[in-house]
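Next come the chains, spelled out residue by residue.
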Amino acid sequence: AVVSTQSTGTQTLLGTLTRGVVLQEDGGDIFATRLCACAVFFGDKRGFLTKLERGQRVKIFDFKQRFLPLFFQYLRVHSGGDQEVLLDPFPEPEVMLSFGQRWGDKRPIENTLIWAKVIHLKARQLVLDFTELYPPLTNASHEDGIQFSTSDDFDRLADAFSVAM
């Protein structure tokens, strides 16, 4: 019964994702524009959520004004060996998106039907470099390697369409 409900819910959500969410990088920050009918929420793993309003371009990852200051503060504290001062949490180089469902304490994002993780590559590299230098001081766990499929005809069509807009 649970599988059937999940399958039905997933199919319903997929039917409302037709136009999708457009992600753009601008000046080191990541922006999203929700075009689909499905409600889309963005936030961090702890569940600080914001709903993307349809048709509005919204900054979902602020590299310069949010990530870098937190990262350098963490670096200053922990590279100095001050184990007493703990910054919580280690700044994450990513933002989470959930489609049609909120997440939080009672429902982790992994338990939502459709979700995605958007990783800022420069921020991720800074985190990886730091975790190599100071492995015992970080609570970050990041997998290695970014994977993607080769482009197909639909990808090329989408690229051509996005250039035309």
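Quantities reported herein were computed from a predicted structural model and do not represent experimental measurements.

Basis of the calculations
- Residues numbered from 1 in each chain as written.
- Predicted model: local features only at pLDDT ≥ 70, side-chain atom pairs only at ≥ 80, totals over all residues.
- Heavy atoms only, no water.
- Pairing = 2+ DSSP bridges.
- Helix = DSSP H or I, 4+ residues; strand = E, 2+ residues; numbered from the N terminus.
- Axes fitted to C-alpha atoms, helices over the stretch in contact; angles between N-to-C directions.
- Contact = heavy atoms within 4.5 Å.
- Core = buried A, V, L, I, M, F, W, Y, C linked by side-chain atoms within 4.5 Å.
- Buried < 20%, exposed > 50% of the residue type's maximum accessible area, 1.4 Å probe, protein only.
- pLDDT = per-residue confidence, 0-100.
- Salt bridge = Lys/Arg side-chain N within 4 Å of Asp/Glu carboxyl O.

1. Concerning the sheet that holds strand 2 (residues 29-34)
One open sheet accounts for three strands, arranged 1-2-5; its pairing is antiparallel. Looking at the sheet topology across the chains shown, the edges are occupied by strand 1 (21-26) and strand 5 (57-61). Direction aside, neighbouring strands of the sheet carry axes that sit 35° apart on average. Of the strand pairs in this sheet, strand 2 and strand 5 are connected by four bridges, and their pairing is antiparallel. Looking at the pairing, A32 lines up with V58 of strand 5.

2. Examining the side chain of D29
Inspection of the secondary structure puts D29 in strand 2. In contact with D29, not counting residues within four places along its chain, are Q24, K59, F61, D62, F63 and K64.

3. Details of the nonpolar core
If you look at the biggest cluster of nonpolar residues, it comprises 25 residues, and the most contacted ones within it are I60, F67, L97 and F99. The set of elements that each furnish at least two residues to this core consists of strand 2, strand 3 (40-43), strand 5, helix 2 (63-79), strand 6 (94-99) and helix 3 (121-133). Of the residues forming this core, the biggest block, five residues, is contributed by helix 2. Beyond its immediate stretch of four places on either side in the chain, F67 contacts F61, D62, P91, E92, P93, A123, L126 and V127.

4. Some remarks on the confidence of the model for the chain
Confidence along the chain averages 80 in pLDDT terms, with 70% of residues attaining 70 or more. Across the chain, element-level confidence peaks in strand 5 with a mean pLDDT of 97 and bottoms out in helix 4 (residues 153-164) with 64. Counting contacts from residues 139-148, a segment whose pLDDT is below 50, to residues more than four positions away or on other chains yields 16 contacts.

5. Observations regarding the pattern of salt bridges
The full count for this structure, using the stated rule, is three salt bridges. Here K59 makes a salt bridge to D29, at a shortest N to O gap of 3.2 Å. On the criterion of sequence distance, the pair formed by K59 in strand 5 and D29 in strand 2 is long-range, its members being 30 residues apart. Judged by relative accessible area, which is 35%, K59 ranks as partly exposed.

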